[in-house]
Amino acid sequence: MFIDNFKVEEWFNEYEPKAKYNLADICIDSMSINELLDISGLGVNIGINELYSKKLGYGDIQGSKRLKDAILSMCKFQNKENITVTHGAIGANELVYKSIVEKGDEVISILPAYQQHYSIPESLGANVKKLFLKPENNWLPEINELKSLITSKTKLISMTNPNNPTGSVITDDLMKEIISVSNGAYILVDEVYRGIVSDEKYNTTSIVDLYEKGISSSSLSKAFSLAGLRVGWVIAPKNVIENINHHREYNTISVSILDDYFASIAIENREKIFKRNIRKREVGLEVLKEWLKIEPHISCVIPNGATSAFIHYDLEMSSYELCKKLLKDTGILFLPGETLEMDKFLRMGYCNNPEKLKITLNLFSNWIKNNS
């Protein structure tokens, strides 16, 4: 089976080890085990004692009861038959496509997005139609444009909400409009950033509680600051989950019993974790806003959610050229927009150390002056 090179991951593999100032990283200040246990109120000793007593078998094949109960608490109308646990959201998304999409199907992918959402269905023989978001529409899908792409062959529509890399948020009202024109297609929403928003008005309902053919994929990597716990999940109609579990048996068996344990703790304490992470996001976003006011060569639609910004530059070079030269000259790492099919843009994270962010953006401005 042929599949395109994964541009984002190849970029990170080659260039991240060389970075001194890593703005390509869009995780929020990853938590340690100590911090997770502390924020949960368990305390180090209680958590470690319980952990040390665990036998390292396979555990529950499709996820423990405790973990599934925790995931269910993020939805309104689902039950355990609608959930399966996966190896991160990357495993969740792959299983959804392999379980639903067949040769000749049509898939609509809303871009920019993680490359899984168009390259995997293309590799399966689907006709993938790409709807590109536009900054002049605040990086939100235009309903009539989406409607014009949908036909009787459209099997699935996919998107990330909040969006990676732009930080735009499809509110429930707009999502209901998308559902209304979907013509019965499945709608897959990658919800790894759900809950990390700038205002309560951007808090969203999971697609599975809005639409009977909605499918949610998610994980602990982004909103929870726990990318090292390789736990994700799919929430979907029962028939979809049954087919996913059929495919899942070939590549997963189970997630680590330790990952399952820590994932349960994290989701049970998500309000505390989200409060921590939203605060870190707000601090970093203010640094970014202040820099944008004084940097004439950069423009950006201010993100309403998620952990990244998609900044546009006016220099006469491609995003690959810019990022390679910038890294060589300064040690600053961005993600080129070309890895996300959009040149003249850079994806950047802003949710880690705010003081280092200030230093890095000032260095970038100085570099721009010398290269414009």
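Owing to the predicted nature of the structure, the values given are computational and were not obtained by experimental measurement.

Engineer: So what's going on with the overall build of the chain? Residues and values would help.
Structural biologist: The secondary structure content of the chain amounts to 13 helices and 13 strands. Rg of the C-alpha trace for the chain: 20 Å, near the compact-globule value of 21 Å for 372 residues, within the 12% margin. Judged by the C-alpha coordinates and their principal axes, the chain covers about 60 × 55 × 40 Å. Taking the intrachain contacts of the chain between residues at least 6 apart in sequence as the baseline, contacts between residues at least 24 apart amount to 74%. Entry remark: accessible area of the chain is about 16,200 Å², with carbon and sulfur atoms responsible for 49%. Computing the positive centroid from 43 side-chain charges and the negative centroid from 48, the chain places the two 2 Å apart.

Engineer: Just give me the short version of the environment of Pro 121, but keep the residues and values in it.
Structural biologist: Mapped onto the secondary structure, Pro 121 falls in helix 6 (residues 116-123). Beyond its immediate chain neighbours, meaning those up to four positions away, Pro 121 contacts Tyr 97, Val 101, Val 107, Gln 116, Ala 126 and Val 128.

Engineer: How would you summarise the pattern of salt bridges if you had to cite specific residues and measurements?
Structural biologist: Under the criterion given, the structure shown has 17 salt bridges. The shortest N-O distance in the salt bridge between Glu 268 and Arg 66 comes to 2.8 Å. On the criterion of sequence distance, the pair formed by Glu 268 in helix 10 (residues 257-268) and Arg 66 in helix 4 (residues 65-72) is long-range, its members being 202 residues apart. Given the relative accessible area of 35%, Arg 66 is considered partly exposed. Where salt bridges share partners, they join Asp 29, Glu 35, Arg 276 and Lys 280 into one cluster.

Engineer: Which residues make up the nonpolar core, and what values do they have?
Structural biologist: By size, the foremost hydrophobic cluster in this structure holds 93 residues, and its most contacted members are Leu 220, Phe 224, Leu 322, Phe 334, Met 348 and Phe 364. Broken down by element, this core gets its largest block of residues, 7 residues, from helix 11 (residues 270-294). Beyond its immediate chain neighbours, meaning those up to four positions away, Leu 322 contacts Tyr 313, Leu 315, Met 317, Leu 346, Phe 364 and Trp 367.

Engineer: Give me the lowdown on the pairing of strand 2 (residues 83-86), citing residues and values where you can.
Structural biologist: Neither face of strand 2 is left uncovered, since the one carrying Ile 83 and Val 85 and the one carrying Thr 84 and Thr 86 both have all their residues buried. Bridge count between strand 2 and strand 8 (residues 232-235): 4 bridges; the pairing is antiparallel. Residue pairing across strands places Thr 84 opposite Val 234, the latter belonging to strand 8.

Engineer: Just give me the short version of the packing of aromatic side chains, but keep the residues and values in it.
Structural biologist: Counted according to the given criterion, the structure contains 11 aromatic pairs. With a centroid separation of 4.2 Å and an interplanar angle of 40 degrees, the aromatic rings of Trp 11 and Tyr 15 are classed as tilted. One end of the pair is Trp 11 and the other is Tyr 15, both in helix 1 (residues 7-15) and 4 residues apart, which spans about a single turn. When its relative accessible area of 3% is taken as the criterion, Trp 11 is described as buried.

Engineer: Now, about the packing of helix 2 (residues 33-40) against helix 11: what can you tell me, with residues and values included?
Structural biologist: Closest axis-to-axis distance for the helix 2/helix 11 pair is 9 Å, and the angle between their directions is 120 degrees. Between helix 2 and helix 11, the angle is such that the two are oblique. As for how helix 2 packs across helix 11, the hand of that crossing is right-handed. Across the interface between the two elements, Glu 35, Leu 36, Ile 39 and Ser 40 from helix 2 touch Lys 272, Ile 273 and Arg 276 from helix 11. In terms of residue class, the contact of helix 2 with helix 11 is built from 3 nonpolar, 1 polar and 3 charged.

Engineer: Which residues make up unusual backbone geometry, and what are the values?
Structural biologist: Residue Leu 111 is joined to Pro 112 through a cis peptide bond whose omega torsion reads 0 degrees. When you line up the elements, Pro 112 lands in the loop between strand 3 (106-111) and helix 6. Following Asn 164, the chain continues into Pro 165 via a peptide bond in cis, with omega recorded as 25 degrees. Here Pro 165 shows up in the loop between strand 5 (154-160) and helix 8 (172-180). One non-glycine residue, Ala 306, adopts positive backbone phi at about 65 degrees. Residue classification places Ala 306 among the buried positions, given a relative accessible area of 0%.

Engineer: Describe a nonpolar patch on the surface, listing the residues and the values that go with them.
Structural biologist: On the surface, a nonpolar cluster with roughly 300 Å² of combined accessible area is contributed by Tyr 58, Ile 61 and Ile 253. Looking at where Ile 253 falls in the secondary structure, it is placed in the loop between helix 9 (238-248) and helix 10. Looking at Ile 253, the relative accessible area reads 39%, which means it is partly exposed.

Engineer: Tell me what's going on with the sheet that holds strand 7 (residues 214-219), and back it up with residues and numbers.
Structural biologist: An order of 2-8-7-6-5-3-4 is seen for the 7 strands of this open sheet, with the pairing classed as mixed. A single partner strand is all that each edge strand has here, and the edge strands are strand 2 and strand 4 (127-132). With direction set aside, neighbouring strand axes in the sheet form an average angle of 20 degrees. With 5 bridges connecting them, strand 5 and strand 6 (residues 186-190) associate as parallel partners.

Rules behind the numbers
- Residues numbered from 1 in each chain as written.
- Predicted model: local features only at pLDDT ≥ 70, side-chain atom pairs only at ≥ 80, totals over all residues.
- Heavy atoms only, no water.
- Helix = DSSP H or I, 4+ residues; strand = E, 2+ residues; numbered from the N terminus.
- Rg over C-alpha atoms; globule rule 2.2 N^0.38 Å.
- Contact = heavy atoms within 4.5 Å.
- Areas by Shrake-Rupley, 256 points an atom, 1.4 Å probe, with all protein chains shown as cover.
- Lys, Arg positive; Asp, Glu negative; His and termini not counted.
- Charge placed at Lys NZ, Arg CZ, Asp CG, Glu CD.
- Salt bridge = Lys/Arg side-chain N within 4 Å of Asp/Glu carboxyl O.
- Buried < 20%, exposed > 50% of the residue type's maximum accessible area, 1.4 Å probe, protein only.
- Core = buried A, V, L, I, M, F, W, Y, C linked by side-chain atoms within 4.5 Å.
- Pairing = 2+ DSSP bridges.
- Phe/Tyr/Trp six-rings, centres within 6.5 Å; stacked < 30°, edge-to-face > 60°.
- Axes fitted to C-alpha atoms, helices over the stretch in contact; angles between N-to-C directions.
- Parallel < 35°, antiparallel > 145°, perpendicular 65-115°, else oblique.
- Left-handed = near helix turned anticlockwise from the far one by under 90°.
- Nonpolar A, V, L, I, M, F, W, Y, C, P; charged D, E, K, R; others polar.
- Patch = residues over 30% accessible without salt bridge, like charges linked within 9 Å, V, L, I, M, F, W, Y side chains within 5 Å.

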